[in-house]
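Chain by chain, the residues run as shown.
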Amino acid sequence: VTACDSYTWNGTAYTASGSYTYSTTNAAGCDSTATLNLTINSSNTGNSAVTACDSYTWDGVAYNTSGAYTNTYTNAAGCDSVHTLNLTINYSNTGTSAVTACDSYDWNGQIIGTSGSYNQTFTNAAGCDSVHTLVATINYSNTGNSAVTACDSYTWDGVSYNTSGAYTNTYTNAAGCDSVHTLNLTINYSNTGNS
């Protein structure tokens, strides 16, 4: 007989391979001795530990929570082989933030030039993906110019100019960004004379 782990013969459980005899009296009242040549094969157990993000598939089954899970296989001796998986599931996460900038915004090396939603993937403390969404509002600077001709001097925003040239002032536009205005100024001069 070949058995796994133990074998019960005539009321006795055997857990080791060997040759065992059983003596009794047969129907005729004579001695009867039977010999059992027993081979005991052993079941075995094993375990492994796995850490995964969000879910882990083991033998076709997806697990999404941490825990100890077992599967039973057949070992080379034809006996049960019970394997325990000690599973740790860590989780990805998401986050959102908003920013308002003028003309462009540098987000971790990504230059954003238009308003919209942008994603970047980081690694969280558990070693899983952390997807962050940035809602960007991009406002724009603007420029303008004007031309003025004046005699002797011209006062612009409290500053008097008495020579021709191009002068600039920077303001803040309605979007909160720079508005650069250029004044193209021509100064002509009065003159005097006597005779």
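In what follows, the structure referred to is the one given above.
What counts as what
Residues numbered from 1 in each chain as written. Predicted model: local features only at pLDDT ≥ 70, side-chain atom pairs only at ≥ 80, totals over all residues. Heavy atoms only, no water. Helix = DSSP H or I, 4+ residues; strand = E, 2+ residues; numbered from the N terminus. Buried < 20%, exposed > 50% of the residue type's maximum accessible area, 1.4 Å probe, protein only. Polar contact = N/O pair within 3.5 Å; in protein donor to acceptor, adjacent residues only side chain to side chain. Contact = heavy atoms within 4.5 Å. Pairing = 2+ DSSP bridges. Axes fitted to C-alpha atoms, helices over the stretch in contact; angles between N-to-C directions. Phe/Tyr/Trp six-rings, centres within 6.5 Å; stacked < 30°, edge-to-face > 60°. Disulfide = S-S within 2.5 Å.

### As for the side chain of Q120
(1) Moving on: Position of Q120 among the secondary structure elements: in strand β14 (residues 116-123).
(2) Moving on: Assessed through its relative accessible area of 13%, Q120 is described here as buried.
(3) Moving on: Side chain to side chain, Q120 and N108 meet in a polar contact 3.1 Å long.
(4) Moving on: Setting aside chain neighbours within four positions, we find Q120 in contact with W107, N108, Q110, S130, V131 and H132.

### Things to note about the sheet that holds strand β5 (residues 31-41)
(1) Moving on: On the basis of which strands lie adjacent, the open sheet formed by 3 strands has the order β1-β5-β4 and mixed pairing. Strands with a single pairing partner mark the edges of an open sheet, and in this sheet they are β1 (2-4) and β4 (18-25). Taken pair by pair, the neighbouring strands of this sheet meet at an average axis angle of 40 degrees, ignoring direction.

### Observations concerning the packing of aromatic side chains
(1) Moving on: Counted under the stated rule, the structure contains 5 aromatic pairs.
(2) Moving on: Ring centres of Y14 and Y20 lie 4.2 Å apart, and the angle between their planes is 40 degrees; this geometry places the pair in the tilted category.
(3) Moving on: Residue class for Y14 comes out buried when judged on its relative accessible area of 15%.
(4) Moving on: When the ring of Y161 is compared with that of Y167, the centres are 4.2 Å apart and the planes differ by 40 degrees; the resulting orientation is tilted.
(5) Moving on: A connected cluster of aromatic rings, assembled from ring pairs, spans W9, Y14, Y20 and Y22.

### Details of the state of the cysteines
(1) Moving on: Applying the stated criterion across every chain yields a total of 3 disulfides.
(2) Moving on: Paired through a disulfide, C53 and C128 show a sulfur-sulfur distance of 2.1 Å. Disulfide C53 to C128: torsion about the S-S bond roughly -95 degrees, handedness left-handed. You can see C53 sitting in strand β6 (residues 44-53) and its partner C128 sitting in the loop between β14 and β15 (129-139), a full 75 residues away along the chain.
(3) Moving on: Residue classification places C53 among the partly exposed residues on the basis of a relative accessible area of 33%.
(4) Moving on: With its sulfur 2.1 Å from that of its partner, C102 forms a disulfide with C177. On the S-S bond that ties C102 to C177, the torsion sits near -95 degrees, and the link is left-handed. Remark: C177 occurs in the loop between β19 (165-172) and β20 (178-188) and C102 occurs in strand β11 (residues 93-102); sequence separation between them is 75 residues.
(5) Moving on: The exposure class of C102 is partly exposed, given its relative accessible area of 33%.
(6) Moving on: With relative accessibility at 1%, the residue C177 sits in the buried group.
(7) Moving on: When the cysteines of the protein chain that form disulfides are numbered from the N-terminus onward, they connect as 1-3, 2-5, 4-6.

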